[in-house]
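Residue-level listing of the chains:
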Amino acid sequence: MSFSTIPDMTSFATSGLADGQAANVSDLKRGGLFRWASASTATVNDGTIFSATGGGRWLRIDPLPLNVQWFGAVGDGVTNDHAAFMAAHDALMPDGGTIVIPKGFYRLSSAINQHCAIIWQGEGNSAGVSNRTIGSFTTNAQGSVLLIDAGVSACIINASNTDGSGTAPDGTYPNGAGSALRDLYIRSNGGGSNVDGVWMRATSTLENVTIRGFSGRGLRIEASVSSSNPVKGNANLWMLTNVNLIENGGHGLHVKSNDANAGVATRVDCTVNGGWGILDESLIGNTYVACHQAGNTLGAFRTSDTAPNTVIGDYIEMDTTGDNADFGNGTTVIGDLAGQSASNAAASRAFVMTAGLSVAAPYRHLNRRASPSVVGIVGSLQPNYGAIGWGSSNDTIGAANQADWQIQYNTTSKWWDFQYQGGGTPFTVLRFPTGASLANPRKFAADFPNGHFLGGAFRAIGSAAPATGAWLQGDVIENSVPVAGGNAGWICVASGSPGTWKSFGPIAA
(Lines give C-alpha, C1' and ligand atoms only; values in the text may rest on other atoms or scores of the structure.)
Protein backbone atom coordinates (compact mmCIF):
# COMPACT_ATOMS: atom_id res chain seq x y z
CA MET A 1 0.00 0.00 0.00
CA SER A 2 1.15 3.54 -0.75
CA PHE A 3 0.07 6.94 0.59
CA SER A 4 1.22 10.46 -0.14
CA THR A 5 0.95 11.82 3.41
CA ILE A 6 0.58 10.65 6.99
CA PRO A 7 -3.06 11.91 7.19
CA ASP A 8 -3.83 9.85 4.09
CA MET A 9 -2.59 6.74 5.90
CA THR A 10 -4.26 7.40 9.27
CA SER A 11 -7.63 8.19 7.64
CA PHE A 12 -7.61 5.01 5.54
CA ALA A 13 -10.17 2.46 6.76
CA THR A 14 -8.31 -0.59 8.03
CA SER A 15 -11.29 -2.96 7.94
CA GLY A 16 -10.37 -5.96 5.88
CA LEU A 17 -6.61 -5.43 6.19
CA ALA A 18 -4.46 -8.28 7.39
CA ASP A 19 -2.54 -7.75 10.60
CA GLY A 20 1.00 -6.59 9.72
CA GLN A 21 -0.07 -4.93 6.45
CA ALA A 22 2.79 -2.69 5.27
CA ALA A 23 2.36 0.83 3.93
CA ASN A 24 4.74 3.32 2.32
CA VAL A 25 4.26 7.06 2.85
CA SER A 26 6.13 9.11 0.25
CA ASP A 27 6.16 12.44 2.14
CA LEU A 28 9.85 13.43 2.16
CA LYS A 29 9.80 14.78 5.73
CA ARG A 30 7.36 12.57 7.66
CA GLY A 31 7.10 9.56 5.41
CA GLY A 32 8.63 6.11 5.58
CA LEU A 33 7.57 2.47 5.98
CA PHE A 34 4.81 1.48 8.41
CA ARG A 35 2.92 -1.64 9.41
CA TRP A 36 -0.57 -1.98 10.80
CA ALA A 37 -0.79 -3.67 14.22
CA SER A 38 -4.46 -4.51 14.68
CA ALA A 39 -4.30 -5.18 18.43
CA SER A 40 -1.85 -2.43 19.41
CA THR A 41 -2.92 0.17 21.96
CA ALA A 42 0.49 1.87 22.18
CA THR A 43 0.45 5.56 23.05
CA VAL A 44 0.20 7.65 19.90
CA ASN A 45 3.11 10.08 19.48
CA ASP A 46 2.49 11.12 15.86
CA GLY A 47 6.05 10.32 14.93
CA THR A 48 6.59 6.60 15.22
CA ILE A 49 3.12 5.55 16.44
CA PHE A 50 -0.06 6.72 14.70
CA SER A 51 -3.74 5.99 15.23
CA ALA A 52 -5.54 3.93 12.61
CA THR A 53 -9.12 4.39 11.46
CA GLY A 54 -11.01 1.35 12.60
CA GLY A 55 -8.63 0.49 15.48
CA GLY A 56 -5.07 -0.62 16.01
CA ARG A 57 -1.96 1.42 15.31
CA TRP A 58 0.30 2.28 12.39
CA LEU A 59 3.86 1.60 13.61
CA ARG A 60 6.93 2.98 11.88
CA ILE A 61 9.28 0.25 10.64
CA ASP A 62 12.96 0.73 11.62
CA PRO A 63 12.23 3.83 13.71
CA LEU A 64 15.76 4.52 15.00
CA PRO A 65 17.29 6.99 14.95
CA LEU A 66 14.29 9.26 15.31
CA ASN A 67 13.85 12.36 13.17
CA VAL A 68 12.20 15.56 14.49
CA GLN A 69 10.44 15.99 11.14
CA TRP A 70 8.58 12.69 11.69
CA PHE A 71 6.89 14.39 14.65
CA GLY A 72 5.86 17.44 12.66
CA ALA A 73 8.89 19.75 12.86
CA VAL A 74 8.82 22.05 9.83
CA GLY A 75 12.18 23.82 10.00
CA ASP A 76 11.08 27.01 8.24
CA GLY A 77 12.11 29.40 11.03
CA VAL A 78 8.48 30.54 11.48
CA THR A 79 6.55 27.49 12.68
CA ASN A 80 7.00 26.72 16.38
CA ASP A 81 8.66 23.29 16.36
CA HIS A 82 9.02 22.92 20.14
CA ALA A 83 6.17 20.42 20.49
CA ALA A 84 7.67 18.22 17.77
CA PHE A 85 11.09 18.24 19.47
CA MET A 86 9.58 17.30 22.82
CA ALA A 87 7.42 14.60 21.22
CA ALA A 88 10.59 13.05 19.78
CA HIS A 89 12.23 13.36 23.20
CA ASP A 90 9.28 11.71 24.97
CA ALA A 91 9.24 8.87 22.44
CA LEU A 92 12.68 7.84 23.73
CA MET A 93 11.86 8.04 27.44
CA PRO A 94 13.28 6.59 29.62
CA ASP A 95 16.13 4.82 27.83
CA GLY A 96 17.17 7.58 25.41
CA GLY A 97 18.67 7.35 21.96
CA THR A 98 19.50 9.50 18.92
CA ILE A 99 17.29 12.16 17.33
CA VAL A 100 18.28 13.56 13.93
CA ILE A 101 17.71 17.24 13.19
CA PRO A 102 17.96 17.69 9.40
CA LYS A 103 19.22 20.92 7.87
CA GLY A 104 16.75 23.73 8.41
CA PHE A 105 15.71 26.55 10.74
CA TYR A 106 13.77 25.24 13.74
CA ARG A 107 12.05 27.86 15.87
CA LEU A 108 11.66 26.86 19.54
CA SER A 109 9.41 28.87 21.86
CA SER A 110 10.61 27.10 25.04
CA ALA A 111 13.64 25.24 26.29
CA ILE A 112 14.19 21.58 25.49
CA ASN A 113 13.81 20.24 29.03
CA GLN A 114 15.73 16.99 28.67
CA HIS A 115 15.30 14.00 30.98
CA CYS A 116 17.05 11.07 29.33
CA ALA A 117 20.27 10.39 27.47
CA ILE A 118 19.61 11.83 24.02
CA ILE A 119 22.05 12.60 21.23
CA TRP A 120 20.64 15.52 19.24
CA GLN A 121 22.39 15.03 15.89
CA GLY A 122 22.36 17.92 13.42
CA GLU A 123 23.61 18.01 9.85
CA GLY A 124 26.01 20.95 9.94
CA ASN A 125 26.97 24.10 11.80
CA SER A 126 28.47 27.00 9.91
CA ALA A 127 28.00 30.67 9.11
CA GLY A 128 26.70 31.99 5.79
CA VAL A 129 28.29 34.74 3.76
CA SER A 130 25.95 37.44 5.12
CA ASN A 131 23.00 37.90 7.47
CA ARG A 132 19.52 37.05 6.30
CA THR A 133 16.06 37.26 7.82
CA ILE A 134 14.46 33.97 8.86
CA GLY A 135 11.04 34.69 10.34
CA SER A 136 11.70 37.20 13.12
CA PHE A 137 15.38 36.25 13.35
CA THR A 138 18.38 37.83 11.68
CA THR A 139 21.21 35.33 11.36
CA ASN A 140 24.01 34.17 9.10
CA ALA A 141 23.79 30.59 10.38
CA GLN A 142 23.28 27.64 8.11
CA GLY A 143 23.03 23.88 8.53
CA SER A 144 20.89 22.56 11.39
CA VAL A 145 19.88 25.79 13.13
CA LEU A 146 17.83 26.16 16.32
CA LEU A 147 16.25 29.63 16.50
CA ILE A 148 15.31 30.30 20.12
CA ASP A 149 12.55 32.80 20.94
CA ALA A 150 13.45 35.87 22.98
CA GLY A 151 13.85 35.36 26.70
CA VAL A 152 14.07 31.56 26.81
CA SER A 153 16.90 29.03 27.07
CA ALA A 154 17.65 26.50 24.36
CA CYS A 155 18.30 23.34 26.35
CA ILE A 156 18.57 22.10 29.94
CA ILE A 157 20.17 18.67 30.28
CA ASN A 158 18.85 17.44 33.61
CA ALA A 159 20.36 14.99 36.03
CA SER A 160 18.18 12.42 37.79
CA ASN A 161 15.41 13.87 39.93
CA THR A 162 15.71 17.39 38.48
CA ASP A 163 13.43 19.30 36.20
CA GLY A 164 14.42 22.61 34.60
CA SER A 165 15.62 24.99 37.30
CA GLY A 166 14.23 23.02 40.27
CA THR A 167 14.10 19.55 41.77
CA ALA A 168 11.43 17.19 40.47
CA PRO A 169 8.81 16.75 43.20
CA ASP A 170 8.19 13.06 42.59
CA GLY A 171 11.82 12.04 42.08
CA THR A 172 10.97 9.73 39.19
CA TYR A 173 12.74 11.41 36.29
CA PRO A 174 15.52 9.43 34.59
CA ASN A 175 18.99 10.87 34.04
CA GLY A 176 20.20 12.92 31.07
CA ALA A 177 23.80 11.83 31.65
CA GLY A 178 25.40 10.63 28.43
CA SER A 179 23.57 13.18 26.28
CA ALA A 180 25.16 15.10 23.41
CA LEU A 181 24.51 18.05 21.12
CA ARG A 182 26.29 17.66 17.78
CA ASP A 183 26.57 19.69 14.58
CA LEU A 184 24.10 22.40 15.64
CA TYR A 185 23.92 26.18 15.45
CA ILE A 186 21.87 27.58 18.39
CA ARG A 187 20.86 31.23 17.91
CA SER A 188 18.85 33.27 20.41
CA ASN A 189 16.60 36.16 19.46
CA GLY A 190 17.89 37.90 22.60
CA GLY A 191 15.66 39.25 25.34
CA GLY A 192 15.16 38.33 28.94
CA SER A 193 17.55 38.83 31.83
CA ASN A 194 20.49 36.45 32.31
CA VAL A 195 18.97 33.73 30.16
CA ASP A 196 21.54 30.97 29.61
CA GLY A 197 21.80 29.20 26.27
CA VAL A 198 22.52 25.64 27.38
CA TRP A 199 22.66 24.41 30.97
CA MET A 200 24.52 21.15 31.45
CA ARG A 201 23.67 19.72 34.88
CA ALA A 202 24.40 16.13 33.85
CA THR A 203 27.51 14.69 32.18
CA SER A 204 27.21 15.52 28.49
CA THR A 205 29.12 16.24 25.30
CA LEU A 206 28.94 19.20 22.93
CA GLU A 207 30.63 18.73 19.56
CA ASN A 208 30.70 21.17 16.66
CA VAL A 209 28.11 23.45 18.28
CA THR A 210 27.67 27.23 18.16
CA ILE A 211 25.73 29.03 20.92
CA ARG A 212 25.10 32.69 20.21
CA GLY A 213 23.21 35.74 21.38
CA PHE A 214 21.72 34.75 24.77
CA SER A 215 21.36 37.43 27.45
CA GLY A 216 23.08 35.25 30.04
CA ARG A 217 25.84 32.67 29.76
CA GLY A 218 26.33 30.87 26.48
CA LEU A 219 27.10 27.51 28.12
CA ARG A 220 26.55 26.86 31.82
CA ILE A 221 28.09 23.73 33.33
CA GLU A 222 26.98 23.83 36.95
CA ALA A 223 25.98 20.94 39.18
CA SER A 224 26.28 19.52 42.69
CA VAL A 225 25.11 16.16 44.03
CA SER A 226 24.09 17.81 47.30
CA SER A 227 20.35 17.24 47.78
CA SER A 228 19.88 20.75 49.16
CA ASN A 229 21.78 22.47 46.37
CA PRO A 230 19.67 24.54 43.95
CA VAL A 231 21.90 23.32 41.10
CA LYS A 232 21.45 19.65 41.96
CA GLY A 233 23.04 17.32 39.45
CA ASN A 234 26.37 15.80 38.42
CA ALA A 235 28.20 17.11 35.34
CA ASN A 236 31.62 15.63 36.11
CA LEU A 237 33.56 14.36 33.05
CA TRP A 238 31.85 16.79 30.66
CA MET A 239 33.42 17.24 27.21
CA LEU A 240 33.46 20.05 24.64
CA THR A 241 34.97 19.82 21.15
CA ASN A 242 34.87 22.57 18.54
CA VAL A 243 32.35 24.73 20.41
CA ASN A 244 31.78 28.43 19.60
CA LEU A 245 30.33 30.72 22.29
CA ILE A 246 29.69 34.09 20.69
CA GLU A 247 28.08 37.42 21.67
CA ASN A 248 26.34 36.18 24.80
CA GLY A 249 25.50 38.74 27.48
CA GLY A 250 27.22 36.86 30.31
CA HIS A 251 30.26 34.56 30.34
CA GLY A 252 30.88 32.52 27.23
CA LEU A 253 31.58 29.35 29.25
CA HIS A 254 30.92 29.20 32.99
CA VAL A 255 31.96 26.04 34.88
CA LYS A 256 30.91 26.09 38.51
CA SER A 257 30.12 24.15 41.69
CA ASN A 258 31.22 20.90 43.32
CA ASP A 259 30.37 18.43 40.55
CA ALA A 260 31.49 20.09 37.34
CA ASN A 261 35.01 18.66 37.39
CA ALA A 262 37.40 16.53 35.31
CA GLY A 263 35.97 17.93 32.08
CA VAL A 264 37.91 18.53 28.87
CA ALA A 265 37.40 21.49 26.53
CA THR A 266 39.18 21.27 23.17
CA ARG A 267 39.08 24.09 20.64
CA VAL A 268 36.45 26.19 22.41
CA ASP A 269 36.16 29.67 20.90
CA CYS A 270 34.79 32.37 23.24
CA THR A 271 34.51 35.77 21.59
CA VAL A 272 32.72 39.05 22.29
CA ASN A 273 30.82 37.84 25.36
CA GLY A 274 29.67 40.25 28.07
CA GLY A 275 31.49 38.47 30.91
CA TRP A 276 34.64 36.34 30.89
CA GLY A 277 35.34 34.24 27.83
CA ILE A 278 35.88 31.27 30.16
CA LEU A 279 35.25 31.39 33.92
CA ASP A 280 36.07 28.21 35.84
CA GLU A 281 34.91 28.09 39.47
CA SER A 282 34.82 24.31 39.84
CA LEU A 283 35.99 22.37 42.87
CA ILE A 284 38.64 19.99 41.50
CA GLY A 285 39.42 21.53 38.12
CA ASN A 286 39.23 20.86 34.38
CA THR A 287 41.49 20.80 31.32
CA TYR A 288 41.41 23.31 28.46
CA VAL A 289 43.30 22.53 25.24
CA ALA A 290 43.80 24.85 22.24
CA CYS A 291 40.97 27.18 23.21
CA HIS A 292 40.63 30.79 22.03
CA GLN A 293 39.29 33.92 23.69
CA ALA A 294 39.04 37.45 22.34
CA GLY A 295 37.04 40.64 22.89
CA ASN A 296 35.23 39.54 26.07
CA THR A 297 34.17 42.37 28.38
CA LEU A 298 35.58 41.11 31.71
CA GLY A 299 38.56 39.27 30.26
CA ALA A 300 39.70 36.23 28.35
CA PHE A 301 40.09 33.49 30.96
CA ARG A 302 39.77 33.31 34.73
CA THR A 303 40.16 30.36 37.08
CA SER A 304 39.52 30.24 40.82
CA ASP A 305 42.25 29.75 43.41
CA THR A 306 40.69 26.50 44.65
CA ALA A 307 40.54 24.46 41.43
CA PRO A 308 43.79 23.00 39.95
CA ASN A 309 42.88 23.62 36.30
CA THR A 310 45.23 22.86 33.41
CA VAL A 311 45.44 25.14 30.38
CA ILE A 312 47.38 23.83 27.37
CA GLY A 313 48.14 25.72 24.17
CA ASP A 314 45.39 28.32 24.48
CA TYR A 315 45.40 31.41 22.26
CA ILE A 316 44.43 34.44 24.32
CA GLU A 317 43.94 37.60 22.29
CA MET A 318 44.13 40.63 24.58
CA ASP A 319 42.94 43.11 22.01
CA THR A 320 40.86 45.38 24.23
CA THR A 321 41.44 47.10 27.55
CA GLY A 322 40.84 44.70 30.43
CA ASP A 323 40.84 41.65 28.20
CA ASN A 324 43.34 39.52 30.07
CA ALA A 325 43.92 36.19 31.71
CA ASP A 326 43.61 35.82 35.49
CA PHE A 327 44.68 32.34 36.57
CA GLY A 328 44.27 31.04 40.11
CA ASN A 329 46.97 29.57 42.32
CA GLY A 330 46.29 25.98 41.33
CA THR A 331 46.28 26.51 37.56
CA THR A 332 49.03 25.02 35.41
CA VAL A 333 49.61 26.74 32.08
CA ILE A 334 51.54 24.92 29.35
CA GLY A 335 52.68 26.48 26.11
CA ASP A 336 50.03 29.21 25.77
CA LEU A 337 50.18 32.08 23.31
CA ALA A 338 48.91 35.46 24.44
CA GLY A 339 48.71 38.82 22.74
CA GLN A 340 48.48 42.25 24.34
CA SER A 341 47.62 45.47 22.56
CA ALA A 342 48.99 48.93 23.33
CA SER A 343 45.73 49.76 25.11
CA ASN A 344 46.54 47.30 27.90
CA ALA A 345 48.43 48.56 30.91
CA ALA A 346 51.68 46.72 31.53
CA ALA A 347 50.48 45.93 35.04
CA SER A 348 47.46 43.94 33.83
CA ARG A 349 47.25 40.38 35.17
CA ALA A 350 48.01 38.59 31.95
CA PHE A 351 50.20 36.38 29.89
CA VAL A 352 51.82 38.79 27.51
CA MET A 353 53.46 38.24 24.15
CA THR A 354 54.76 41.38 22.51
CA ALA A 355 55.48 41.68 18.78
CA GLY A 356 54.69 38.06 18.09
CA LEU A 357 57.60 35.63 18.43
CA SER A 358 60.27 38.10 17.38
CA VAL A 359 61.35 39.25 20.84
CA ALA A 360 63.84 37.43 23.04
CA ALA A 361 61.30 36.60 25.74
CA PRO A 362 57.90 36.51 24.07
CA TYR A 363 56.22 34.54 26.85
CA ARG A 364 55.96 36.53 30.06
CA HIS A 365 53.94 36.03 33.16
CA LEU A 366 52.26 38.63 35.33
CA ASN A 367 49.39 37.03 37.09
CA ARG A 368 47.43 36.73 40.30
CA ARG A 369 45.38 38.51 42.86
CA ALA A 370 47.43 37.47 45.90
CA SER A 371 51.09 37.90 46.86
CA PRO A 372 53.10 35.84 46.46
CA SER A 373 51.52 33.23 44.22
CA VAL A 374 53.38 30.71 42.14
CA VAL A 375 52.28 29.22 38.83
CA GLY A 376 54.28 26.85 36.68
CA ILE A 377 55.17 27.80 33.12
CA VAL A 378 56.25 25.09 30.72
CA GLY A 379 57.24 25.51 27.08
CA SER A 380 58.31 29.14 26.95
CA LEU A 381 59.56 30.27 23.56
CA GLN A 382 62.84 32.14 23.14
CA PRO A 383 65.91 31.79 20.91
CA ASN A 384 68.12 28.74 21.59
CA TYR A 385 66.27 27.81 24.76
CA GLY A 386 63.63 25.43 26.00
CA ALA A 387 62.61 26.70 29.41
CA ILE A 388 60.73 25.61 32.50
CA GLY A 389 60.06 28.48 34.87
CA TRP A 390 58.30 29.61 38.02
CA GLY A 391 56.98 33.17 38.29
CA SER A 392 55.34 35.05 41.14
CA SER A 393 52.99 38.01 41.47
CA ASN A 394 56.00 40.14 42.42
CA ASP A 395 57.28 39.69 38.88
CA THR A 396 57.41 42.89 36.85
CA ILE A 397 57.12 42.99 33.09
CA GLY A 398 60.38 44.23 31.60
CA ALA A 399 62.25 44.03 28.34
CA ALA A 400 63.83 40.69 29.17
CA ASN A 401 61.54 39.44 31.91
CA GLN A 402 60.01 35.99 31.82
CA ALA A 403 59.84 34.19 35.17
CA ASP A 404 61.63 34.66 38.49
CA TRP A 405 63.31 31.25 38.39
CA GLN A 406 63.84 29.16 35.31
CA ILE A 407 65.74 26.13 34.10
CA GLN A 408 66.94 26.49 30.52
CA TYR A 409 68.76 24.24 28.10
CA ASN A 410 70.97 26.19 25.71
CA THR A 411 70.88 24.30 22.43
CA THR A 412 73.88 26.25 21.14
CA SER A 413 76.26 25.96 24.11
CA LYS A 414 74.93 22.52 25.14
CA TRP A 415 74.41 23.06 28.85
CA TRP A 416 71.65 23.48 31.45
CA ASP A 417 71.35 26.75 33.36
CA PHE A 418 69.42 27.36 36.57
CA GLN A 419 68.73 31.10 36.45
CA TYR A 420 67.21 33.85 38.53
CA GLN A 421 65.55 36.75 36.73
CA GLY A 422 63.56 38.84 39.21
CA GLY A 423 62.47 41.54 36.79
CA GLY A 424 65.85 42.27 35.26
CA THR A 425 68.55 40.58 33.24
CA PRO A 426 68.78 36.91 34.23
CA PHE A 427 71.96 35.51 35.71
CA THR A 428 73.02 31.92 36.17
CA VAL A 429 73.03 30.51 39.72
CA LEU A 430 73.97 26.95 38.81
CA ARG A 431 75.16 25.43 35.54
CA PHE A 432 75.37 21.79 34.47
CA PRO A 433 77.81 21.53 31.55
CA THR A 434 77.05 18.75 29.08
CA GLY A 435 78.68 20.03 25.90
CA ALA A 436 81.05 17.73 24.04
CA SER A 437 83.53 20.61 23.79
CA LEU A 438 84.30 20.35 27.53
CA ALA A 439 86.94 17.82 28.49
CA ASN A 440 86.19 14.95 30.88
CA PRO A 441 85.84 14.73 33.85
CA ARG A 442 84.55 18.32 33.81
CA LYS A 443 81.80 17.41 31.37
CA PHE A 444 79.27 16.52 34.09
CA ALA A 445 80.57 18.64 37.01
CA ALA A 446 78.17 21.27 38.39
CA ASP A 447 79.39 24.86 38.04
CA PHE A 448 78.52 27.75 40.40
CA PRO A 449 79.64 30.75 38.33
CA ASN A 450 78.73 33.28 41.06
CA GLY A 451 80.09 31.28 44.00
CA HIS A 452 78.35 29.23 46.67
CA PHE A 453 77.92 28.89 50.45
CA LEU A 454 79.60 26.16 52.47
CA GLY A 455 78.51 25.95 56.10
CA GLY A 456 77.44 29.61 55.99
CA ALA A 457 80.74 30.88 54.60
CA PHE A 458 80.91 32.16 51.03
CA ARG A 459 83.23 30.58 48.45
CA ALA A 460 83.94 32.18 45.09
CA ILE A 461 86.60 32.66 42.39
CA GLY A 462 88.51 35.88 41.71
CA SER A 463 91.84 37.35 40.64
CA ALA A 464 92.28 39.54 43.77
CA ALA A 465 90.85 40.14 47.23
CA PRO A 466 87.53 42.08 47.10
CA ALA A 467 87.81 45.88 47.32
CA THR A 468 84.05 46.55 47.60
CA GLY A 469 80.95 44.95 49.06
CA ALA A 470 80.00 43.59 52.49
CA TRP A 471 81.86 40.42 53.54
CA LEU A 472 81.85 38.15 56.56
CA GLN A 473 84.71 36.59 58.45
CA GLY A 474 85.51 33.21 56.89
CA ASP A 475 84.54 34.13 53.32
CA VAL A 476 87.07 32.84 50.79
CA ILE A 477 88.05 33.96 47.29
CA GLU A 478 90.07 31.33 45.46
CA ASN A 479 92.69 32.62 43.03
CA SER A 480 91.41 32.25 39.48
CA VAL A 481 94.86 32.96 37.95
CA PRO A 482 97.35 31.14 40.21
CA VAL A 483 101.05 31.35 39.29
CA ALA A 484 104.23 29.80 40.67
CA GLY A 485 105.37 31.68 43.76
CA GLY A 486 101.93 33.25 44.24
CA ASN A 487 99.09 32.31 46.60
CA ALA A 488 96.04 30.02 46.39
CA GLY A 489 93.55 32.72 47.41
CA TRP A 490 92.35 35.21 50.03
CA ILE A 491 90.35 34.82 53.23
CA CYS A 492 88.37 37.45 55.16
CA VAL A 493 89.67 37.61 58.76
CA ALA A 494 87.45 40.50 59.91
CA SER A 495 83.90 41.27 58.68
CA GLY A 496 83.23 44.61 57.06
CA SER A 497 82.96 46.49 53.78
CA PRO A 498 85.05 45.14 52.25
CA GLY A 499 86.47 43.63 55.48
CA THR A 500 90.05 42.59 56.18
CA TRP A 501 91.56 40.11 53.71
CA LYS A 502 94.73 38.02 53.95
CA SER A 503 96.34 35.82 51.36
CA PHE A 504 96.75 32.12 52.08
CA GLY A 505 98.22 29.00 50.53
CA PRO A 506 101.72 29.82 49.20
CA ILE A 507 102.41 28.21 45.85
CA ALA A 508 105.89 26.78 45.31
CA ALA A 509 108.09 28.70 42.87
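Remember, it's a predicted structure, so these values are computed and weren't measured experimentally.

Here is what the cut-offs are and how they apply
- Residues numbered from 1 in each chain as written.
- Predicted model: local features only at pLDDT ≥ 70, side-chain atom pairs only at ≥ 80, totals over all residues.
- Heavy atoms only, no water.
- Helix = DSSP H or I, 4+ residues; strand = E, 2+ residues; numbered from the N terminus.
- Contact = heavy atoms within 4.5 Å.
- Salt bridge = Lys/Arg side-chain N within 4 Å of Asp/Glu carboxyl O.
- Buried < 20%, exposed > 50% of the residue type's maximum accessible area, 1.4 Å probe, protein only.
- Pairing = 2+ DSSP bridges.
- Axes fitted to C-alpha atoms, helices over the stretch in contact; angles between N-to-C directions.

Kindly report on the environment of Arg35, identifying the contributing residues and their values.
Mapped onto the fold, Arg35 is located in strand β3 (residues 32-37). Considering only alpha carbons, one finds Arg35 and Met1, 34 residues apart in sequence, at a separation of 10.0 Å. With sequence-adjacent residues up to four places away left out, Arg35 is seen in contact with Gly20, Gln21, Ala22, Arg57, Trp58, Leu59 and Ile61.

Report on the pattern of salt bridges, specifying residues and quantitative values.
One pass over the structure, following the stated rule, counts 7 salt bridges. A salt bridge links Glu207 to Arg182, with the nearest nitrogen and oxygen atoms 3.3 Å apart. Placement of the pair is Glu207 in strand β19 (residues 204-212) and Arg182 in strand β17 (residues 179-188), with a sequence separation of 25 residues. Residue Glu207 is classed as partly exposed on the basis of its relative accessible area, which comes to 34%. Note on Arg182: relative accessible area 26%, which makes it partly exposed. Of the charged contacts in the structure, one is a salt bridge between Asp196 and Arg217, with a shortest N-O distance of 3.0 Å.

Hey, could you go over the sheet that holds strand β40 (residues 452-454) for me, with residue numbers and the actual values?
On the basis of which strands lie adjacent, the open sheet formed by 5 strands has the order β40-β41-β42-β43-β44 and mixed pairing. In the strand order of this sheet, the two ends are held by β40 and β44 (500-506), each with one partner. In this sheet, adjacent strand axes meet at a mean angle of 30° when their direction is disregarded. Taken together, the 3 bridges between β40 and strand β41 (residues 457-462) define a ladder with antiparallel strand orientation.

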